[in-house]
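# Inside the fold
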Amino acid sequence: MWARSVLGIVSLALVFHDALAFKEQDFKTCSQSGFCRRGRALSQRAQEAKSAWQSPYSVDPSTVSVATDKAVVQAGVKSSLYPEVNFGLEVRIQEDGAVRVRMDEVGGLRKRYDEAASWALISEPSISKNVKWVAGKKDLRATYGPNEVVVSYAPLQVTLYKNGKEQVVINGKGLLHMEHFRKKAEPAAAVEATPAAEGQEQTVIEAPENPRAWFEGADEDALWEETFNSWTDSKPKGPESLSVDITFPHHPVVYGIPQHATRLALPSTAGENPTFTDPYRLYNADVFEYLASSPVSLYGSIPLMHAHSEDSTVAVFDLVASETWIDVSHSTDRSTETHWISESGILDVFILPGPTPDDVFAQYAKLTGTPPMPALFGLGYHQCRWNYVSSEDVRTVQKRFDEENIPMDVLWLDIEYSVDHEYFMWNEKMFPDPVEMINDVAATGRKMVVIVDPHLKRDNNYPAFTAAQELGILVKPKSGEGEYEGWCWPGSSSWVDFFNPNAWDWWKSLFKPYQLEGGKWSWTKSTEDVHIWNDMNEPSVFNGPEITMPKDNVHYDGWEHRDVHNINGMLYSNATWQALAVRSDPPKRPFVLTRSFFAGSQRFGAMWTGDNLGTWEHMEVGVKMVLSNSIAGLSFAGSDVGGFFGNPEPEMLVRWYQVGAFAPFFRAHAHIDTKRREPYLLPSPYKEMVTDSLRLRYTLLPVWYTAFRETSVTGKPILRPQYTVFPKDRKGWEMDDQYYIGGSGLLVKPVTQKDVREAEVYLGEDEVYYGYFTGETYRGAVKGRTVSVPAALDQIPLLVRGGSVVPTRERPRRASGLMKYDPFTLKVALSKDEGARGELYLDDGETFGHQRGEYVWREFTAVKSGKKGLRVSSRDLGSARPAEAVEGASPALTSYDRENKYARTLEERDVRVEKVVVVGVKAKPKSVKLEEGGKELEWEWTPGVGSKEKKGGRAGVLVIKDPGVKITQDWDIVIL
């Protein structure tokens, strides 16, 4: 939600924005950030010095220590600037080939923050026992497969090679600089010049020359204190920033480092003619009405960057939790140079060697985890606004959806449900019967999501605040004593410090929907059908610097907020996810939406792109932002349909629902100041168009759920941009307006511009594609081809890749839970080689039974049978690949019981395939039979072109009606 920096807050819910524009004066640029200025100035000096520049950091060869039983090397590092300061370097090669480079100050005045890994990583990565380091006179080397890692001594440099070609170079430009802890120097006493004797010249006493000026600059710049607008950062530890350059000498395109409103392929910020003049900033912030093209930091930060070329994809993961600025430049059209400047923390960089996009996804997932299988309702449509004002309002909205036969899974409540914005505490005047209201929603197969923000109103009658105060788990001010007090929606507020381990069990207890032993307070006016929205968790502080918490605030163990800022939001959603997971017995899958995030947040639910505007530009950039999050591991993502601010015209709203229907997280949301815009309020024909998009989403839920299974196991994104599917095709490297849905073969290009009625879709291969709704054929080419696809306002440019089998459920229902025993339709899209393959994954969509083997995982294939025949088959994948089936099983599944509890339920409910549609059949079949028993099936053929023909036109379509086969069984249909 938007925030205002005001102190006189009476009723923030009623305060409207006084300017509909991004307030750039509220947020720093690099030139207003002391450590970023120092980092960029360092880079400028290096550029001016050209080849004369050399890094002052070097490895002391006498300190090199190579482990004998694992691929770890350690060494001391010295800086010629400060020879009295010691640094320690450690380089590890992990079992999957990733390289971890760590450097920290040793024996310094203070300890640098080194706990980011304990929050972001799922476990300490396993180190290879097979790779061996070899120490030479000038460097250390380790070779494995096509890769070689070289640690050069003087100057210090770490390089990853593949087949002798540089892939990633750390400190190749000599910008590494770890500002060591130091004592603040007392101002030098003034020295008066000695008067000259008569007839002699006066002696001029000059200040001694700074021998480090060539590297650090001649003047100190904001080392000990810094002011921005009216706030002063006391910087009690002094300077501690970290600068490092990371170069990709043979990779011209980079992606990632979300969250920014910009293109998927990151535009340049430095060098010749940069797109942006400021670096990309990673500093979680409450930025309302953000610009649609900008490097400004937004709500979340994932310090992961992919670099791509025809030969390989690599990535770097810079595991630091403090504010970070990243410059991107290209000295040639085949290389990328980046410069990372962080305010605090140690150097902890992972080099992910790829060499394919899928390899990078797997390597990153092995570090930070994968998204869990979501509750099925979470993939349905979510209806939200700030605010549904009463329990009767909620009931009316639900009733209207049902009257218009519009599907919807979740109704949301924003902050006005709570009295005085004291979360958990219902406004009893407007919501007199919360449990009954929730149960009324649940009776229709739906759920509710209720907002719980991290700020607690400082009210001695508010049980959440008083309990946190008594436990001593609130964030402290810079003095380290008492409780930090800031302003947010309730007025005077404090914040729970989730770095304090005592906060976690207490937070979990709050969500119990029953009375706790000992009289402790919990949310008894709730049920297990309520899930949670964590907003404002950057954290947003209305009267704080940059609308967030002062950097010199103190967290558990004495760490400053500056050290942990970007992790803060993840801990909040992590704690909430765990609280929901344990509130029931047996546990049920939580749904938690977070605005702020970090690396690893994918393990704890969904995110959205924040307070967007109802404009075509924001609709368009929202697609790019979701793609960027997807490749950075956070696939469960979406943007507010319709835009949070503004009143979109009907055409825009129709197009936005089409965009939302093809995002993993699909929610409409609106500001309190906007007109009501629930789908049923639209006039015809727009209402029908939006309803069609919603129904299409529900028809394709099997596709989405199956895609989530894959990402939960492999880390591959659900939305897959062109470069990840066709990594060697240069034409697709910068495409971010079309994408594939998992491995389903569906290719969508949402329309995000006004008055567009035809879409240009790029096909990156020599394969046939089919219009999903029309069966029209579109032919690709070896070197790629752009085709025109109709995109009338009621049409979504959606193609099916030849060679795919798409499972759908075609019966309209009002919520996903009512579809769980519906039959399936299989859409078989034949390739030019007249084959096809697809998958379907099913489980109960609610519990964690899938981790015990309670699921169904099927493979569908179409292969040639004889000279002109075709065989369509269903086979069990659970038995063939049990270890790959699901995430989170402990111990890992080694076998599969085809008669498991869930599979038996589907058998008993006769869940079947009610239709098979084969697209691309050129000739009318003579016979369509079920192989077992030889039963002739009912079918219908519509003439058209075949899959392997080169001409266009409508494809020939064979529709097999009710073949009488169950979804859980093996079967074969033979077409002759």
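The protein has the name Glucosidase II subunit alpha in an unreviewed UniProt entry, where Ephemerocybe angulata is given as its organism. Per UniProt, the protein has the following entry under Sequence similarities (unreviewed entry): "Belongs to the glycosyl hydrolase 31 family."

### Description of the sheet that holds strand β30 (residues 637–638)
Ordered by their spatial adjacency, 8 strands build an open sheet running β30-β29-β28-β27-β23-β22-β21-β31, and the pairing between neighbours is parallel. Two strands in the sheet have a free side with no partner beyond their single neighbour: β30 and β31 (666–668). Taken together, the 4 bridges between strand β22 (residues 410–413) and strand β23 (residues 447–451) define a ladder with parallel strand orientation. Across the sheet, Leu411 pairs through a bridge with Met448, a residue of β23. Sheet contacts for helix α5 (residues 391–403): β21 (381–383), β22 and β23; angle to β22, the most-contacted strand, approximately 155 degrees.

### A closer look at the packing of helix α12 (residues 686–699) against helix α13 (residues 701–714)
Relative to each other, α12 and α13 sit at 50 degrees, their axes nearing to 4 Å. Relative to α13, α12 is oriented oblique. Across the interface between the two elements, Arg697, Tyr698 and Thr699 of α12 pack against Leu701, Pro702 and Trp704 of α13. Taken together, the residues of the contact of α12 with α13 sort by class into 4 nonpolar, 1 polar and 1 charged.

### Let's talk about the UniProt feature "domain: Glycoside hydrolase family 31 TIM barrel" (unreviewed entry) in the protein
Look at the UniProt record and you will see "domain: Glycoside hydrolase family 31 TIM barrel" (unreviewed entry) annotated at residues 371–707. Annotation note: span residues 371–707, helix share 33%, strand share 12%, distance between end C-alpha atoms 11 Å.

### A closer look at the UniProt feature "domain: DUF5110" (unreviewed entry) in the protein
When the UniProt feature table is mapped onto this chain numbering, "domain: DUF5110" (unreviewed entry) sits at residues 825–872. Helix makes up 0% of residues 825–872 and strand 54%, with an end-to-end C-alpha separation of 13 Å.

### Focus on the packing of aromatic side chains
Applying the stated rule across the entire model yields 51 aromatic pairs. With a centroid separation of 5.8 Å and an interplanar angle of 40 degrees, the aromatic rings of Tyr484 and Trp495 are classed as tilted. Placement of Tyr484 in the loop between α7 (463–471) and β25 (486–488) and of Trp495 in strand β26 (residues 491–495) is noted, with a sequence separation of 11 residues between them. Per residue, the accessibility class of Tyr484 equals that of Trp495, and both read buried. One Lys or Arg, Lys551, reaches over the ring of Tyr283 and ends 5.0 Å from the middle of that ring. Positioned over the ring face of Trp533 is Arg667, at 4.6 Å from the centre of the ring.

### With respect to unusual backbone geometry
Omega for the peptide link from Glu538 to Pro539 comes to 10 degrees, which places this bond in the cis form. Omega for the bond connecting Asp585 with Pro586 falls within 30 degrees of zero, at 5 degrees, which places this linkage in the cis form. Within the fold, Pro586 resides in the loop between α9 (561–581) and β28 (592–594). For Asn163, which is not a glycine, the phi torsion comes out positive at approximately 50 degrees.

### Here we look at the environment of Ser584
Structurally, Ser584 is set in the loop between α9 and β28. The exposure class of Ser584 is buried, given its relative accessible area of 9%. Each C-alpha atom of the pair Ser584 and Gly354 lies 41 Å from the other, and the pair is 230 residues apart in sequence. A distance of 3.3 Å separates a polar atom in the side chain of Ser584 from the backbone oxygen of Pro586. At a separation of 3.4 Å, a polar atom in the side chain of Ser584 contacts the main-chain amide nitrogen of Lys588.

### Thoughts on the domain arrangement of the protein
Domain boundaries in the protein define domain 1 (39–178 + 241–368) and domain 2 (820–976). Centre-to-centre, using C-alpha coordinates, domain 1 lies 46 Å away from domain 2.

### Quick notes on α7
All buried positions along α7 are accounted for by Ala464, Phe465, Thr466, Ala467 and Ala468. Backbone geometry just downstream of α7 places Gly472 in the positive-phi region, at approximately 70 degrees.

### Let's talk about the pairing of strand β20 (residues 347–352)
In terms of burial, β20 is a largely internal element, 6 of the 6 residues being buried. Of the two faces of β20, both are covered, the one formed by Leu347, Val349 and Ile351 as well as the one formed by Asp348, Phe350 and Leu352. Note: strand β4 (residues 99–106) against β20, 5 bridges, orientation antiparallel. Within β20, the residue paired with Arg102 across the bridge is Asp348. Bridge analysis of strand β17 (residues 313–318) against β20 gives 4 bridges, and the strand direction is antiparallel. For Ala315, the partnering residue across the bridge sits in β20 and is Leu352.

### Digging into the pattern of salt bridges
Close approach of charged atoms allows side chains with opposite charge to pair. Per the stated rule, a full pass over the model turns up 81 salt bridges. Asp233 is paired through a salt bridge with Arg562; the nearest N and O atoms lie 2.7 Å apart. Taken together, the residues span a long stretch of sequence, with Asp233 in strand β12 (residues 231–233) and Arg562 in helix α9 at a distance of 329 residues. Overall, Arg562 belongs to the buried group, its relative accessible area being 3%. Residue Glu839 is joined to Arg709 by a salt bridge in which the shortest nitrogen-to-oxygen separation is 4.0 Å. Of this pair, Glu839 sits in strand β42 (residues 836–842) while Arg709 is found in helix α13, placing the two residues 130 residues apart along the sequence. By relative accessible area, which is 19% here, Glu839 ends up buried. Look at Arg709 and you get buried, because its relative accessible area is 4%. A cluster of three or more residues bridged by salt bridges with shared partners is formed by Asp233, Lys237, Glu240, Arg281, Glu323, Glu343, Glu546, Lys551, Glu560, Arg562 and Asp563.

### Considering the nonpolar core
Leu413, Tyr417, Trp507, Phe511, Phe662 and Ile973 are the most contacted members of the largest nonpolar core, which totals 218 residues. Here this core takes 10 residues from α9, the largest share from any one element. Mapping this core onto the domain boundaries places at least three of its residues in each of domain 1 (39–178 + 241–368) and domain 2 (820–976). Setting aside its immediate chain neighbours within four residues, Leu413 contacts Asn387, Tyr388, Val394, Trp426, Phe431, Met437, Met448, Val449, Val450, Ile451 and Trp533. Within the second largest apolar cluster, 58 residues are counted, among which are Tyr57, Ile170, Leu175 and Ile246.

### A few points about the state of the cysteines
The tally for this structure, following the rule as stated, stands at 1 disulfide. In this model, Cys30 is linked to Cys36 through a disulfide, with the two sulfur atoms separated by 2.0 Å. With the S-S dihedral at roughly -100 degrees, the linkage between Cys30 and Cys36 falls on the left-handed side. Using a relative accessible area of 3% as the deciding quantity, one classes Cys30 as buried. Cys384 takes part in no disulfide bond, and the closest cysteine sulfur, belonging to Cys488, lies 17 Å away. Judged by its relative accessible area of 2%, Cys384 falls in the buried class. Assessed through its relative accessible area of 0%, Cys488 is described here as buried.

### What about α12?
Across its 14 residues, α12 extends 20 Å between first and last C-alpha, which sits within 8% of the 20 Å expected from 1.5 Å per residue. Of all 14 residues making up α12, 10 are buried, and the element is well covered by its neighbours. Here α12 has its buried residues at Lys687, Met689, Val690, Thr691, Ser693, Leu694, Leu696, Arg697, Tyr698 and Thr699. Where α12 is buried, its residues touch β21, α11 (650–661), β31, α13 and β40 (804–808).

Cut-offs applied
- Residues numbered from 1 in each chain as written.
- Predicted model: local features only at pLDDT ≥ 70, side-chain atom pairs only at ≥ 80, totals over all residues.
- Heavy atoms only, no water.
- UniProt positions renumbered as here; feature names shortened; annotations may be inferred.
- Pairing = 2+ DSSP bridges.
- Helix = DSSP H or I, 4+ residues; strand = E, 2+ residues; numbered from the N terminus.
- Contact = heavy atoms within 4.5 Å.
- Axes fitted to C-alpha atoms, helices over the stretch in contact; angles between N-to-C directions.
- Parallel < 35°, antiparallel > 145°, perpendicular 65-115°, else oblique.
- Nonpolar A, V, L, I, M, F, W, Y, C, P; charged D, E, K, R; others polar.
- Phe/Tyr/Trp six-rings, centres within 6.5 Å; stacked < 30°, edge-to-face > 60°.
- Buried < 20%, exposed > 50% of the residue type's maximum accessible area, 1.4 Å probe, protein only.
- Lys NZ or Arg CZ within 6 Å of the ring centre and 35° of its normal.
- Polar contact = N/O pair within 3.5 Å; in protein donor to acceptor, adjacent residues only side chain to side chain.
- Domains from an automatic or database assignment.
- Salt bridge = Lys/Arg side-chain N within 4 Å of Asp/Glu carboxyl O.
- Core = buried A, V, L, I, M, F, W, Y, C linked by side-chain atoms within 4.5 Å.
- Disulfide = S-S within 2.5 Å.
- Expected span 1.5 Å × (residues − 1).

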